[in-house]
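For reference, the chains in residue letters:
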2 protein chains.
Amino acid sequence: MPPPDSPPRPILPGLAVLALLLLLLPPPSLSAGGGGELAYLWPLPAEFTTGADTLSVDPALALVVGGNGGGSRIVKDAFDRYKSIIFQHSGVFSIFNTFRKKASGYDIGRLRIVVRSANEELQLGVDESYTLLVTKSDGKSIIGEATIEANTVYGALRGLETFSQLCTFDYSTKLVLVHKAPWYIRDEPRFAYRGLLLDTSRHYYPIDVIKHILDSMSYAKLNVLHWHIIDEQSFPLEVPTYPKLWQGAYTRWERYTVEDAYEIVNFAKSRGIHVMPEVDVPGHAESWGKGYPELWPSTSCREPLDVSKSTTFDLISGLLSDMRKIFPFELFHLGGDEVNTDCWTSTPHVKQWLQNHNMTSKQAYEYFVLKAQEIAISKNWTPVNWEETFNAFPESLNPRTIVHNWLGAGVCPKAVAKGFKCIFSNQGFWYLDHLDVPWDQVYTAEPLEGISDASKQKLVIGGEVCMWGEITDTSNVQQTIWPRAAAAAERLWSRRDAISSGNINKTALPRLHYFRCLLNGRGVAAAPVTNQYARSQPNGPASCYAQ
Amino acid sequence: MPPPDSPPRPILPGLAVLALLLLLLPPPSLSAGGGGELAYLWPLPAEFTTGADTLSVDPALALVVGGNGGGSRIVKDAFDRYKSIIFQHSGVFSIFNTFRKKASGYDIGRLRIVVRSANEELQLGVDESYTLLVTKSDGKSIIGEATIEANTVYGALRGLETFSQLCTFDYSTKLVLVHKAPWYIRDEPRFAYRGLLLDTSRHYYPIDVIKHILDSMSYAKLNVLHWHIIDEQSFPLEVPTYPKLWQGAYTRWERYTVEDAYEIVNFAKSRGIHVMPEVDVPGHAESWGKGYPELWPSTSCREPLDVSKSTTFDLISGLLSDMRKIFPFELFHLGGDEVNTDCWTSTPHVKQWLQNHNMTSKQAYEYFVLKAQEIAISKNWTPVNWEETFNAFPESLNPRTIVHNWLGAGVCPKAVAKGFKCIFSNQGFWYLDHLDVPWDQVYTAEPLEGISDASKQKLVIGGEVCMWGEITDTSNVQQTIWPRAAAAAERLWSRRDAISSGNINKTALPRLHYFRCLLNGRGVAAAPVTNQYARSQPNGPASCYAQ
């Protein structure tokens, strides 16, 4: 740990992957040049080169758009958001009349964003690649000063985030500067699915809090909010077809209207974030029976949902039909984890039904999951299920199923070997409520561990950090998510070779310190990076960059 | 603690003080009427009456202004802010086409704000009183539907906050409703000074984080940000006349420009919040010497500031001159606490100076504090000093001094007995970094304890909760401030008789639970109320209203 008054040391990020590019260019100043200035990016782009220029950015930075998709509202709004982030220090008014004289003009007056496609559909695997060029205009150049080129608006969003990370406020000149220009960045994500689970059943999060989390996700280029809306403790979502379901909310004030949910989906879309809702069946569903007690095997034995009644599946179908109108993402999470079937075998009418259908309770669990999958598929959803379903009946699981690993290592290798897609969330590393997992263990957890065949590797669509809500509420959710979620975000975005070699205390930790402080500067309550126990208090007075 | 699924029980707030008013009116429904609806206010207004009507509020609520000050930008901006708070759930668009049909029109379509004075000077003791009337327009009434009347824009701000707390989103009808109307509220603060100390030296807070804290203060009607800018660990503030002072910042990025500070002052003003800066001398000042080592007695003995050099006081004068341009508030905090003078007696040139001037080190401490007071007074500031100055030399302290209590009980009684004004911050109750002080001990701490003479009571200008920064940074500052700062805020705003009798677990706790959840709903990370240890995690899944 550096002494608190020394700035973090510059490092050589991803040098290995850049070797070829660097050979073709004048020697870049990756080490501290121009007064030891830093240019730290998180997550690390796929490829980039830097130079030795320092460029000033005009506080009146103008947006110039091009391409079929450049005129998108999503681009315009994002530009405005990032502009206020980049210039949060730059009031034009100076009370001491000593600053912000820039008689000679700024080096970067315009940001050109070219988006080739006008298609704004946000599907899994949507093209998020971009190139970003930041260079001084010399009058002869036809390239312009700062340019983002992308195939989709979502690539443009990622490029804007990277551009914002290049811009730093210089306290001496009171200018926003880009150090180490010219920059040439070509970037794209390693995985299509880079998720964060949020659990709004154990504790309710107000919609403004969820929006703030979505904003913070976009800073780390995470792109899936896995919304674990409902669980046994509460059912906060409005379901117009079954209006008594949200009687299962904690209180009348801790609910989401369909409009709230729709607003969250659209807010997320404007940040390039998919929202994957979860309806966890047949376990974890006790709260459903508050409004519809007939879903319980009995009032004294309430979970799993009653497998013996067709009305159970009618309700699931109605629920999913309503949700389909809100959630356009192609994936839908059906849970299926931790199902204890004791209530089925101990409740007379269910036990009788099992006998009549010649089913064991384990078979009934399979029956339930497969029936729920059929319902989801009939509504044009791809089902995602927690790994227990795969562990219990891999042969009968619908082949379209995406298996969601959580219990431990080795599940994705088995799932992809059988042709299933897989999401990696090994609880030993990527369960954020496990407060004893430090940043470096999050960082080094590798979704492709144990999978060497390239065609099988492609079936791992990505990974997800899970913010289960038992010990987390509005008061501490951001500090529990960050900075560890950022460690996973780089694992999921950046090139494996670039982030898997060398000493991560030198290649990653200084950048993560820097990114944590960047989050703080944007109002996100990211916790100290190197605490032994996540989200514990800073261990005394110090710089953000040293804790 | 109620079970997590039951709403908090209604109470009879401040009934004692309302007795007379209530006798003159039809019986109000203070108990749960209209479906058990609640109308909880925090802090409790001075006087109010309620009724039994439920009124709907138009999402297109219009602002109508009156009076010499009604046209103020402060009023217009605050109305817009509160409108988006009040209607955060109310998208006009409904994807299920079943909601928000209000063919008959809304009960409340306009909010009339009358501000009598156009004077927007924010001085200590500025009139913050207001009346708020919310009633159904019957066509015959000339009063209008919802009306705030205030003498100043700052009273109007307080009235807007109260109005926003009356408005609740009803999830069944998807309307914003005011229950228990008609409301007649006449309100004013008990104390002119209701402060929160923020320490930006032990940890740096980005300006957006400070702004968010200012917003949250306004929700509890706190009105002074005591900005403890500098301490021994870091000197983050730019001082144009002494440009090397902020070399004492932790890093080049953890600084405030004069423009940043000015922006914070103006942001605070728009919320009716004074900003009182602190320059703590002669102790707690080691960081000053990073840029100007001559301020240290020696490089090996760095605190207190060198009393023997006139340049020390020249620098203080220059510093205060620069700060005077930024901070218009009439109070300026000069610290003066915890001064260990060993460096003076152990450093040869200072020891010699003491001998030459025939001073003990204790006398030199007095000399330093009084000289700093003279400088502040010469710049038209009223000096505030921590209580050690009063404890050490009460007879020579400038009579304009405001004594800031912190060490324990009994100081304000002694200070006001000698004619000094006083601020109450007894560390046993109002130091927020003392995590073992639960909400009820914060709530019952009484600034006028031990002072019975009314003329002496007037010298206690108020109190302040102190958020010292050793174990607090951007990741956890809001959860350490809230909800306990709210307990102090009601103590400082509401009538003593109304909040000092009865069982506070019934008269205050349910409202505080409610206010904590209101803060959460506005994006403020307020912690569970009833944790034994402040800001600890929720003890399991539950409603916000039950933790």
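Residues numbered from 1 in each chain as written. Chains lettered and ligands numbered in written order. Predicted model: local features only at pLDDT ≥ 70, side-chain atom pairs only at ≥ 80, totals over all residues. Heavy atoms only, no water.

An unreviewed UniProt entry lists chain A under the name Beta-hexosaminidase, with Eucalyptus globulus given as the organism. According to the UniProt record, the Sequence similarities (unreviewed entry) comment for chain A is "Belongs to the glycosyl hydrolase 20 family." UniProt, in its Catalytic activity (unreviewed entry) section for chain A, records the words "Hydrolysis of terminal non-reducing N-acetyl-D-hexosamine residues in N-acetyl-beta-D-hexosaminides." (UniProt positions renumbered as here; feature names shortened; annotations may be inferred.)

A tally of regular secondary structure across chain A gives 19 helices and 16 strands. In chain A, buried positions account for 64% of the 547 residues. For chain A, long-range pairs separated by at least 24 residues make up 75% of all intrachain contacts whose partners lie at least 6 apart in sequence. As presented, chain A carries roughly 18,700 Å² of accessible surface, and 52% of it is formed by carbon and sulfur atoms. (Helix = DSSP H or I, 4+ residues; strand = E, 2+ residues; numbered from the N terminus. Buried < 20%, exposed > 50% of the residue type's maximum accessible area, 1.4 Å probe, protein only. Contact = heavy atoms within 4.5 Å. Areas by Shrake-Rupley, 256 points an atom, 1.4 Å probe, with all protein chains shown as cover.)

Per the stated rule, a full pass over the model turns up six disulfides over all chains. A sulfur-sulfur separation of 2.2 Å characterises the disulfide bridge that pairs Cys517(A) with Cys544(A). Of note, the bridge from Cys517(A) to Cys544(A) carries an S-S torsion of about -115 degrees and is left-handed in sense. Highlighted residues: Cys517(A) in helix α19 (residues 509-521) and Cys544(A) in the segment after α19, separated in sequence by 27 residues. Grouping residues by exposure puts Cys517(A) and Cys544(A) together as buried. The disulfide bridge from Cys301(B) ends at Cys343(B), spanning 2.0 Å between sulfur atoms. Because the sign of the S-S torsion sets the handedness, a value of about -90 degrees for the bond joining Cys301(B) and Cys343(B) places this disulfide among the left-handed ones. In this pair, Cys301(B) is assigned in the loop between β11 (274-278) and α6 (310-324) and Cys343(B) in helix α7 (residues 342-346), connecting sequence segments 42 residues apart. Free cysteine: Cys167(A), not disulfide-bonded; nearest cysteine sulfur from Cys517(A) at 18 Å. (Disulfide = S-S within 2.5 Å.)

Turning our attention to the sheet that holds strand β6 (residues 167-170) of chain B. Residues and elements named next belong to chain B. Spatially, the eight strands line up as an open sheet ordered β1-β8-β4-β5-β3-β2-β7-β6, and their pairing is mixed. Of all strands in the sheet, those bounded by a partner on one side alone are β1 (47-49) and β6. The sheet shows a mean angle of 30 degrees between the axes of neighbouring strands, direction not considered. Taken together, the four bridges between strand β2 (residues 53-66) and strand β7 (residues 175-181) define a ladder with antiparallel strand orientation. When the bridges of β7 are listed, Asp 53 appears paired with Ala 181. (Pairing = 2+ DSSP bridges. Axes fitted to C-alpha atoms, helices over the stretch in contact; angles between N-to-C directions.)

Residue and element names in this part refer to chain B. As defined by bridge partners, strand β14 (residues 402-404) adjoins strand β15 (residues 421-424) across three bridges and the pair is classed as parallel. Note that in β15 the partner of Val 403 across the bridge is Cys 422. The parallel pair β14 and β15, bridged by helix α11 (residues 411-417), forms a crossover whose chirality is right-handed. Pairing of β15 with strand β16 (residues 460-467) involves three bridges; the strand directions are parallel. For Cys 422, the partnering residue across the bridge sits in β16 and is Val 460. (Right-handed = clockwise from strand over helix to strand, strands pointing away.)

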